[in-house]
Amino acid sequence: MKRAVVCLGLLLFAGQSSGFSVKLTGTAKIGESKGKGKYWKPGGGVGFGQGHMAMTVKTSSKGNENKVVFTVNGGDNFQEYQGDEAFCGLKSFVIEDKNTRVCPDESQQAPDDDSIKMPVVEWSISAGGIMSSSSMEAKRPEAKLTVWTQAIKRETPRKVRFGDNLLDMKDKKLMFRLAEITFPPAEDEDEEDDSVHNVILKSQDGGYSWFYLGTLPIELGKENTLERQGENGFIVYTKANNTIFSVASKTLGRKWGNATEVSHFQNLPSYLNTRFTSIMAGGRGTPSLAAIGGKKGSEKFFNLARHHNDMLEDAHDYPEGFLKATEKESNAECEKGADEEKCASSGHVSISSFGEDPDNKNLTKIMMCYDKVAGWDSEDQDAIYCMKGHVNETTELVAHEAKMKKREEKKKQEQEARERAQKYAEEQRQRKKQEKREKDRKVRMQRQEWAKIDNEVYIVPAKVDYLEDGDFVVVRDLGKHAMYADFMEETVGLPNKEDLTKEAESEAAEEEK
């Protein structure tokens, strides 16, 4: 029984907000499996950059043994990873300048008073050279990954289970992931059982430090995924006991809506987010894609299985009965029986990105991998097929740049308006300051004039009378000089009688001499 990864092409999927084009690249085997097993269920595909990608597949007759396959040439050929380390796939975060992915080693957790630390594994893919073959390698650096738990519960945590993927919002320089964190019973609260908290975590340092962001209103099932919706939205899918639930947030995980059961998915779909497009793959019996652009009503759907039949010879076709049976219904019984109409595919689709096309920054190179199986008792080929392509976002980029230009112009106008307002406010402040200085100057001159008049009209005569009768009395006719009404209210006030008496005595002494 042959098992291979086959790359297909000549796919054109153009829409108002998204465009895909895929060219034929040939076939490539990943290697033979021992015994009469399956080689199916692709998943967890992640790009390393420069045409490197890795994903997991299922093999063995029970369908539960994981294998990791990788490519160094954009999917033209695949090889099987031969090492012993477990690749975490979608749980990893990328170090772009090194084309390296980092996986947390959840098997070696070290709880502390307020955190859990664990080692990491760095993964890299090498294309090899003339004297060496391509390889996928893992190494253990000294760096540690830390989950801080004090904001969840002020107890020493017991363990953490990460969600099945990591969401990297490059435009916000933030990473998010789901987690189930377990704490032992708190003695001071008379707890008897462990407490389990289903939360969403946030990282701002590239994936090494994780902090509590919010609590999920739903349990983290055995299978789960966290995906982006719009500018600040999340959607979580979780599967437990063959039932899928979803819950959404529009506030980056701070507040959540109510959980709802999802009946139109058999499997959890895989997601890929480019700059302006969200692509959902799989989830049903028929391998399929759904691309959602930035504008309402821009959704585009694509049936990979039907296009598969259009490109290949009849011997590789999906049976028509399978297509009709699974386009509207799931194939949940596929792993239990040999019905070819239900078991021609697991419905799993792995979608990953190689990054921007170096020759055209508007294009994001992607790969979609799905399986075709021939029933449990068939000796026909079981294969995983991959379609290479790109997301063409030229229209969105032009619109985005125009939007950004308009936004910058608006910001410039607002800044100019603020500067004009500040300049006017400063001019008004200076004008009022000058007016106050001028008013104060006039008041001082008026006081000096008042003091001169007061001295000539009242003080001098009082001094003369004092020399004659020895009694110093100043009599002012405030009615005659109305200016005294204002003058008396001034803080300076009129000359003190005691001071004037001393002054008069001094003048009299001078005259006697």
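Scroll up for the structure.
Residues numbered from 1 in each chain as written. Predicted model: local features only at pLDDT ≥ 70, side-chain atom pairs only at ≥ 80, totals over all residues. Heavy atoms only, no water.

Chemist: What should I look at first to understand the sheet that holds strand β19 (residues 223-229) in this one?
Modeler: Within a sheet, neighbouring strands are paired by backbone hydrogen bonds and run either parallel or antiparallel to one another. On the basis of which strands lie adjacent, the open sheet formed by 4 strands has the order β19-β20-β21-β22 and antiparallel pairing. Looking at strand neighbours, the two that pair on one side only are β19 and β22 (260-262), the edges of this open sheet. Here the strands of the sheet are splayed against their neighbours by 30 degrees on average, with no regard to which way each runs. In this structure, β19 lies alongside strand β20 (residues 233-240), joined through 7 bridges in antiparallel fashion. Note on β20: the bridge partner recorded for Glu223 is Lys239. (Pairing = 2+ DSSP bridges. Helix = DSSP H or I, 4+ residues; strand = E, 2+ residues; numbered from the N terminus. Axes fitted to C-alpha atoms, helices over the stretch in contact; angles between N-to-C directions.)

Chemist: I would appreciate a short explanation of the pattern of salt bridges in the present structure.
Modeler: If the charged atoms of two oppositely charged side chains come close together, the side chains can form a pair. Counted by the stated rule, this structure contains 15 salt bridges. The closest approach of N and O atoms between Glu80 and Lys67, which form a salt bridge, is 3.6 Å. One end of the pair, Glu80, is in strand β8 (residues 79-80); the other, Lys67, is in strand β7 (residues 65-71), and 13 residues separate them in sequence. Under the relative-accessibility criterion, Glu80 is labelled buried at 17%. The exposure class assigned to Lys67 is partly exposed, which follows from its relative accessible area of 25%. In this structure, Lys139 engages Glu122 in a salt bridge whose closest nitrogen and oxygen atoms are separated by 4.0 Å. Taken together, the residues Lys139 in strand β13 (residues 135-139) and Glu122 in strand β12 (residues 115-126) connect sequence positions 17 residues apart. (Salt bridge = Lys/Arg side-chain N within 4 Å of Asp/Glu carboxyl O. Buried < 20%, exposed > 50% of the residue type's maximum accessible area, 1.4 Å probe, protein only.)

Chemist: How should the state of the cysteines be read in this particular structure?
Modeler: By the definition in use, this model includes 2 disulfides. A disulfide bridge connects Cys369 with Cys386, and the sulfur atoms are separated by 2.1 Å. The chirality of the disulfide connecting Cys369 with Cys386 is right-handed, given an S-S dihedral of about 105 degrees. On the criterion of sequence distance, the pair formed by Cys369 in strand β28 (residues 360-372) and Cys386 in strand β29 (residues 382-392) is long-range, its members being 17 residues apart. Note on Cys386: relative accessible area 0%, which makes it buried. (Disulfide = S-S within 2.5 Å.)

Chemist: What exactly am I supposed to notice about the packing of aromatic side chains here?
Modeler: A ring pair, where both rings are aromatic, is described by two values, the distance of the centres and the angle of the planes. Summed over the entire model, instances satisfying the criterion amount to 9 aromatic pairs. Look at Trp148 and Phe211: their rings are 6.2 Å apart centre to centre, the planes differ by 10 degrees, and that puts the pair in the stacked class. With a gap of 63 residues between them, Trp148 in strand β14 (residues 144-148) and Phe211 in strand β18 (residues 209-215) connect regions that are remote in the sequence. Judged by its relative accessible area of 24%, Trp148 falls in the partly exposed class. Put simply, the rings of Phe48, Tyr81, Phe87 and Trp123 touch in pairs and so form one group of aromatic residues. Positioned over the ring face of Phe162 is Arg177, at 4.2 Å from the centre of the ring. (Phe/Tyr/Trp six-rings, centres within 6.5 Å; stacked < 30°, edge-to-face > 60°. Lys NZ or Arg CZ within 6 Å of the ring centre and 35° of its normal.)

Chemist: Which parts of the structure should I look at to understand the sheet that holds strand β24 (residues 278-281)?
Modeler: Read from one edge to the other, the open sheet built from 4 strands follows the order β23-β24-β25-β26, with strand pairing classed as antiparallel. Of all the strands in the sheet, just β23 (270-273) and β26 (300-303) have a single pairing partner and so form its edges. Here the average twist between neighbouring strands, direction ignored, is 15 degrees. In terms of strand pairing, β23 meets β24 through 4 bridges, oriented antiparallel. Its bridge partner lying in β24, Asn273 is registered against Ser278.

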